[in-house]
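# A closer look at the structure
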Amino acid sequence: MTDKPRDTKGRRQLVKFSFYRMDPGWRALPENERERGRRAVADVVRAFSDRLQIRSYSLVGTRGDTDFLLWQIGDRLDDIQQLAGFINGTAMGPYLTMPYSYLAMTRPSLYVSREEARAERMQLHPGDSKYLFVYPFVKTREWYQLPLGERQSMMDEHIRIGRKYPSVKLNTTYSFGLDDQEFVVSFETDEPADFLDLVMELREAKTSLYTLRDTPIFSCVAMGLEDTLDSLAGTGERRNAPETEAAWQKVGEVSDSPPGSSRVVYYAGDQVAIFNVGGDFYAVSNRCPHANGLLAEGVIEAGFVICPSHGSRFDLASGRPLEGPAARPLRTYSVRVEQNGVLLGRPRAEPQPT
Ligand code: FES
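Here the structure is a predicted model, which is why all the values come from computation and not from measurement. (Residues numbered from 1 in each chain as written. Predicted model: local features only at pLDDT ≥ 70, side-chain atom pairs only at ≥ 80, totals over all residues. Heavy atoms only, no water.)

## Details of the overall build of the protein
Scanning the protein for helices and strands turns up 7 helices and 19 strands. Along the first, second and third principal axes, the C-alpha atoms of the protein reach 65 × 45 × 40 Å. Among the 354 residues that make up the protein, the fraction classed as buried is 51%. Counting every atom, the protein has about 16600 Å² of accessible surface; 51% of that belongs to carbon and sulfur. Side chains of the protein give 44 positive and 48 negative charges; the mean places of these two sets differ by 3 Å. (Helix = DSSP H or I, 4+ residues; strand = E, 2+ residues; numbered from the N terminus. Buried < 20%, exposed > 50% of the residue type's maximum accessible area, 1.4 Å probe, protein only. Areas by Shrake-Rupley, 256 points an atom, 1.4 Å probe, with all protein chains shown as cover. Lys, Arg positive; Asp, Glu negative; His and termini not counted. Charge placed at Lys NZ, Arg CZ, Asp CG, Glu CD.)

Structure, rendered in structure tokens:
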């Protein structure tokens, strides 16, 4: 590469994609043993949530060789390594392998000059999308021998195509020297069809001539960690499990949620909407069970929330759908206030649809 590295000041993050596979023997275990393993993994992930952003995704049914992904973003490799070690040490550990593992870092793109956009590349902020598509990526060595201006004009075309699909958010991370691939790219979207169209169109771009490898591709479905672990062997009965002190997690201060407000927090990988209704706190899954509407953006009405997508109305205390197209209840979470902090507990047993 002939051009000098540009300024990479600012905090760069380590990014890890750990794809786990579950031994089929896990499914034959009694439910109480599986519950013990799921709880142990969820407790470990919760314990690391002050050091790592961790998002969980199920691949059950989308790939044959891996079952779930833990996407981790943090500042220290030690935290990533310790998390893997602690998960191995749980009751689920003997049944887990990691057939795919990708380590990367953030850095500004060589081909984006706008300062703001360059700064954005340094810090990843996973969104609320239902799907994540991930693949490792390697360019040919010829690419790196091309003059920067030539690469820039090809990348401009590539970027222009990407902008035609605003529903797809791209995260590019860099693995040069850290791992076998050069990049790990991940695309967040609610619209898999848009992602497919984008990838097809990019095949016609000139940059595609310089792709050496861009497989395997992982199609991942966003789920809270406990749902992800449930998806490995069907639905468990853990919703009725008793609350333990270890399950409570502080997710903010009372002052972060003034009366009448809502906000999104993460609890062991679950995306949870917290509502303050006249001083009473409620916590429910942020995803509407009808079609994934974002409930934290809904209208709050004395103990109810109305989904912004198609108007389903839910009781915040029980999660029951009362009006609209949603047939299934919302998951609710235990919530309590302690010393001006807001604490979330495990998901509650789901009410039966009425
Ligand atoms: S997504 Fe909530 S009502 Fe349709």
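## Describing the sheet that holds strand β13 (residues 280-285)
Taken in spatial order, the 6 strands of this open sheet run β10-β19-β18-β13-β12-β11, and their pairing is antiparallel. Among the strands making up the open sheet, the edge pair consists of β10 (249-253) and β11 (262-267). Recorded for the sheet is a direction-independent mean angle of 30 degrees between the axes of neighbouring strands. As judged from the 5 bridges shared by strand β18 (residues 332-338) and strand β19 (residues 341-347), these two strands associate in the antiparallel manner. Paired with V335 across the two strands is L344, which belongs to β19. (Pairing = 2+ DSSP bridges. Axes fitted to C-alpha atoms, helices over the stretch in contact; angles between N-to-C directions.)

## Some points on the domain arrangement of the protein
Domains assigned within the protein are domain 1 (14-230) and domain 2 (242-347). Taking the mean C-alpha position of each, domain 1 and domain 2 sit 27 Å from one another. Opposite the 20 residues of domain 1 that make contact, domain 2 presents 17 residues. Contact between domain 1 and domain 2 buries roughly 1400 Å² in total, counting both sides, with carbon and sulfur atoms accounting for 38%. Looking only at domain 1, the three residues that lose the most surface to domain 2 are R39, R46 and D128, adding up to 44% of its buried area. The tally of links between domain 1 and domain 2 comes to 3 salt bridges. The partner of D227 in a salt bridge is R331, with the nearest N and O atoms 2.4 Å apart. Put simply, domain 1 and domain 2 have 3 residue pairs in polar contact (both at pLDDT 80 or more) between them. Broken down by element, the residue count for the side of domain 1 that touches domain 2 peaks at 6 residues, all from helix α1 (residues 31-47). Considering only residue class, the side of domain 1 that touches domain 2 consists of 5 nonpolar, 5 polar and 10 charged. (Domains from an automatic or database assignment. Contact = heavy atoms within 4.5 Å. Buried area = accessible area lost by both parts, 1.4 Å probe. Salt bridge = Lys/Arg side-chain N within 4 Å of Asp/Glu carboxyl O. Polar contact = N/O pair within 3.5 Å; in protein donor to acceptor, adjacent residues only side chain to side chain. Nonpolar A, V, L, I, M, F, W, Y, C, P; charged D, E, K, R; others polar.)

## Considering the packing of aromatic side chains
For any pair of aromatic rings, geometry is given as the distance between the ring centres together with the angle between the planes. Across all of its chains, the model carries 20 aromatic pairs by this definition. With a centroid separation of 6.2 Å and 65 degrees between ring planes, the pair formed by Y111 and W143 is classed as edge-to-face. Here Y111 is found in the loop between β4 (96-105) and α3 (115-120), whereas its partner W143 is found in helix α4 (residues 141-145), with 32 residues between them in sequence. Summarising the burial analysis for this pair, Y111 and W143 share the class buried. These aromatic residues form a ring-pair network of at least three members: F133, Y135, F137, Y144, Y174, F176, F183, F187 and F195. Positioned above the aromatic ring of Y266 is the side chain of R55, whose terminal nitrogen or guanidinium carbon lies 3.4 Å from the ring centre. Cation over ring: K139 sits above W143, and NZ or CZ is 4.0 Å from the ring centre. (Phe/Tyr/Trp six-rings, centres within 6.5 Å; stacked < 30°, edge-to-face > 60°. Lys NZ or Arg CZ within 6 Å of the ring centre and 35° of its normal.)

## Description of the pattern of salt bridges
Applying the stated rule across the entire model yields 22 salt bridges. A single salt-bridge network, built from bridges that share partners, covers E31, R34, E35, R38, R39 and D230.

## Quick notes on the pairing of strand β5 (residues 131-139)
Burial within β5 is extensive, with 8 of its 9 residues counted as buried. Alignment of β5 against strand β7 (residues 183-189), held across 7 bridges, turns out to be antiparallel. Residue pairing for β7: F137 is matched across the bridge by F183. Across 4 bridges, β5 lies against strand β9 (residues 218-222) in antiparallel orientation. Pairing of F133 across the sheet is with S219, part of β9. Sheet topology places β5 next to strand β8 (residues 211-213); 2 bridges connect them, and they run antiparallel.

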